[in-house]
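Structure assessment
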Amino acid sequence: MPAAERPSGIEQQEARIAWGLVLPALLTILLVALFPLLWTVWESLHLHDLRMPWLGQPFVGIDNYLEAFRQPRFWGALGHTLFFAVTSVGLELVIGLWLALALNRAFRGRGLVRAAVLVPWAIPTVVSALLWRFMFEGQHGIVNSALVALGVLSEPIVWFIQPAAAWVPIILADVWKTTPFVALLLLAGLQNIDVSLYEAARIDGASAWRQFRHVTLPLLKPAILVALIFRTLDAFRVFDLIYALTGGGPGTSTEPIALYTFNVLLQNLQFGYGSALSVIVFLVTFSLALVYIRFLGAELTGSKR
Amino acid sequence: MASVLITALLATACGGGGASVPGPAVVTFPISALGAEGRVLVRQLSRFMAENPGIRVVQRVTPDAADQKHQLYVQWLNAGASDPDILQLDVIWTPEFAAAGWILPLNQFRPDTSAFFPSTIVANRWQDSLYALPWFIDVGMLYWRTDLMSAPPATFADLVRATRQAKRAGGPRYGFVWQGARYEGLVVNFLEYLGGHGGRILDGGRVVVNSPEGLRALNEMRDQIYRHGVVPPAVLTWHEEESRFAFQNGEAAFMRNWPYPVPLMQDSSQSRVAGKFAVAPMPAAPGGSPTSAIGGAQLAINRRTEHPEAAWAVINYLTQPEQMRERARVVGQFPTRLGVYDDPDLASGLAIPPAMVRRIIEYAVPRPVTPVYTQLSEILQIHLHRALTRQSEPAAALAGAQAEMQRLLNRVGLGTGEPIARR
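Treat the numbers as computed from the prediction; the structure is a model and nothing was measured.

**Overview of the overall build of chain B**
- On a plain count of helices and strands, chain B comes out with 16 helices and 16 strands.
- The C-alpha atoms of chain B give 22 Å as radius of gyration, which agrees with the globular expectation for 423 residues (22 Å, within 12%).
- Structurally, chain B occupies a C-alpha span of about 75 × 60 × 40 Å along its principal axes.
- The proportion of buried residues among the 423 residues of chain B is 51%.
- For chain B, long-range pairs separated by at least 24 residues make up 73% of all intrachain contacts whose partners lie at least 6 apart in sequence.

Written out as structure tokens, the structure is:
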């Protein structure tokens, strides 16, 4: 088909133009994302301690990684991160969904309530962390006084010196802050659902629960997945909240992996070991993202037929 | 980033600086001091420049927080910068900077080390050379309430007894407050309990904290919190300021702190204990002696400086008795020179009787003098905090800390008798 030859020539030309247009962006990504990453990997194969220049910077292979795997503090930090991610994201999804459903109903002053819900999300993390710290701090803080007055506690406790208790303000603060974000994402999803589907379901005699289960949830799935991806990856990199709330204590019992890496890299200036930790964190988050994209990506982009 | 600040004083004194004639040697001095402390320094430096027209001192502003300042210094020095010429060091940084080859040995300038408190000189030596000159000294002290008792406790047992008596008499709700959050301050407080029981952290290249004395000290700290109820558990989240607020509000009978709260707490507009407190050496157990950790500021010279002589002239000037007396008078900082304490003028300047200050300083011990102190301290902080928050037993905590600390020393070639461990 000679006629088809010419469009293909145009296509080739277009492809070239497209590459030419994308190239600057690709180069920028290479420069700001790939280069630092490779540099970090290279660093992680060396002993490089800024505070001990007399040790030099010898190549040590995968010793830094082996050192991390030998450290109970590393495994602890990984476990804390996982615990934090599962607990906080789970709570945020449930509460966020409930909030979104409530906000989706028509009622007077809905616009105002929607705006008000976003306030916690608008507050900088460090500020909200300090707010929560203030409420839980001391034997005479607000939370202690309230719980004692309500009879929940027989006497005030020092929240930040007990590993289990120290997680309470952390999880609460994160849920308080990010639930509005989840709710907003889900609300957008809810508003995309065709109202006629509910009408049809009602005519078929479906109960409210069945409507939710068989109409709302399936159609809301893409929005839920977006929220899930954002929140899991964010939760895995949690740093500022815990840094300001507990500093990772008591001991190291609330220390997430990002805080451990920060301590090694920027407090102790151990660039080699710290780089190895960074690479591990990168690999974990990257594989999480891959899992999401691989199994959920199709539904997310709607390309699956 | 730090900006170069040429003070108004300098600008007027130098009139922009003559560029044609061989200009004055410019030395840079990083400072973080605010308020009265900053003003004293500016005054002293301008006096220095008036007396030494060949030297101009330019100030560089640095963060006030020790950790941030340390990070900034390490970045500068690692990059081989010749600026700043003079460094103000925390006492625990001197061996680190010396071993890294970042600061100049001061022996070539023949400083009169015998005029200073020996412990402050020990803290600033590394491998037989002096690397920094102590500028002013901070020491841990026991603050006690003169309205609740007639004399300070000499032993920990006395302290517990005195607290109970004070409580029975309707005194403050807390007994003894200190700094127990997981940070450098925890190690400082532990060091004082440890010395009070006759123990040490480091002996040359050997970690010796896991000893009967160490165990007694850590048990004492734990018992004071959980068994005797003398120390509120909340101290395990406290830094210097939280303990000061508690003591200043009249909520505690005793406090361990540095000297800085004295002038603040004597100000009756913000303090409920003005005129009702005094300081004493830290308590000790039988077999130990009162122990105060050393803090404070030292002055050192950047090894890459282009003006070592000029830098030394500045340091030498700032550490003269006259300058120390002025600092003591204006901001209450303790001089590092013994001779200054014999000066009758000092008594009118310092809020605490100089004889008492001198006595406390004589009980002072440096924290372990090693280039890897901060790393050792981090290990110790974690294990101590776990033991004090009852996540681990004191014996296990000390054993764990000792093993990790020794392993670190061996790995970097600072352990005794052992070859540099292959990684």
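Having seen the structure, we can now continue with the description.
**Description of the packing of helix α8 (residues 212-226) of chain B against helix α16 (residues 394-411) of chain B**
Residues and elements named next belong to chain B.
- Running from N to C, α8 and α16 cross one another at 130 degrees; their axes reach a closest spacing of 9 Å. In terms of orientation, α8 and α16 fall into the oblique class. Considering how the two elements wind past one another, α8 and α16 form a crossing that is right-handed. Residue-level contacts link Gly214, Leu215, Leu218, Asn219 and Arg222 of α8 to Pro394, Ala395 and Leu398 of α16.
- Among the residues forming the contact of α8 with α16, the class breakdown is five nonpolar, two polar and one charged.

**Examining the sheet that holds strand β8 (residues 141-145) of chain B**
Residue and element names in this part refer to chain B.
- Pairing is mixed across the open sheet formed by four strands, whose spatial order is β9-β12-β8-β13. In the strand order of this sheet, the two ends are held by β9 (174-177) and β13 (277-280), each with one partner. Adjacent strand axes in the sheet meet at a mean angle of 20 degrees when their direction is disregarded.
- Where β8 meets β13, four bridges bridge the pair, whose relative direction is antiparallel. The partner of Trp144 across the bridge, within β13, is Ala278.

**A short note on the domain arrangement of chain B**
Residues and elements named next belong to chain B.
- Taken domain by domain, chain B consists of domain 1 (4-138 + 294-365) and domain 2 (140-293 + 369-411).
- One C-alpha centre belongs to domain 1, the other to domain 2; they are set 29 Å apart.
- Facing 19 residues of domain 1, the contacting portion of domain 2 comprises 19 residues.
- Listing elements by their share of the side of domain 1 that touches domain 2, those giving two or more residues are α4 (94-99), α5 (118-123), β14 (292-301), α14 (354-362) and β16 (364-365).
- A per-class count over the side of domain 1 that touches domain 2 returns 14 nonpolar, two polar and three charged.

Rules used in this analysis
- Residues numbered from 1 in each chain as written.
- Chains lettered and ligands numbered in written order.
- Predicted model: local features only at pLDDT ≥ 70, side-chain atom pairs only at ≥ 80, totals over all residues.
- Helix = DSSP H or I, 4+ residues; strand = E, 2+ residues; numbered from the N terminus.
- Rg over C-alpha atoms; globule rule 2.2 N^0.38 Å.
- Buried ≥ 20, exposed ≤ 12 C-beta atoms within 10 Å, placed from the backbone.
- Contact = placed C-beta atoms within 7 Å.
- Axes fitted to C-alpha atoms, helices over the stretch in contact; angles between N-to-C directions.
- Parallel < 35°, antiparallel > 145°, perpendicular 65-115°, else oblique.
- Left-handed = near helix turned anticlockwise from the far one by under 90°.
- Nonpolar A, V, L, I, M, F, W, Y, C, P; charged D, E, K, R; others polar.
- Pairing = 2+ DSSP bridges.
- Domains from an automatic or database assignment.

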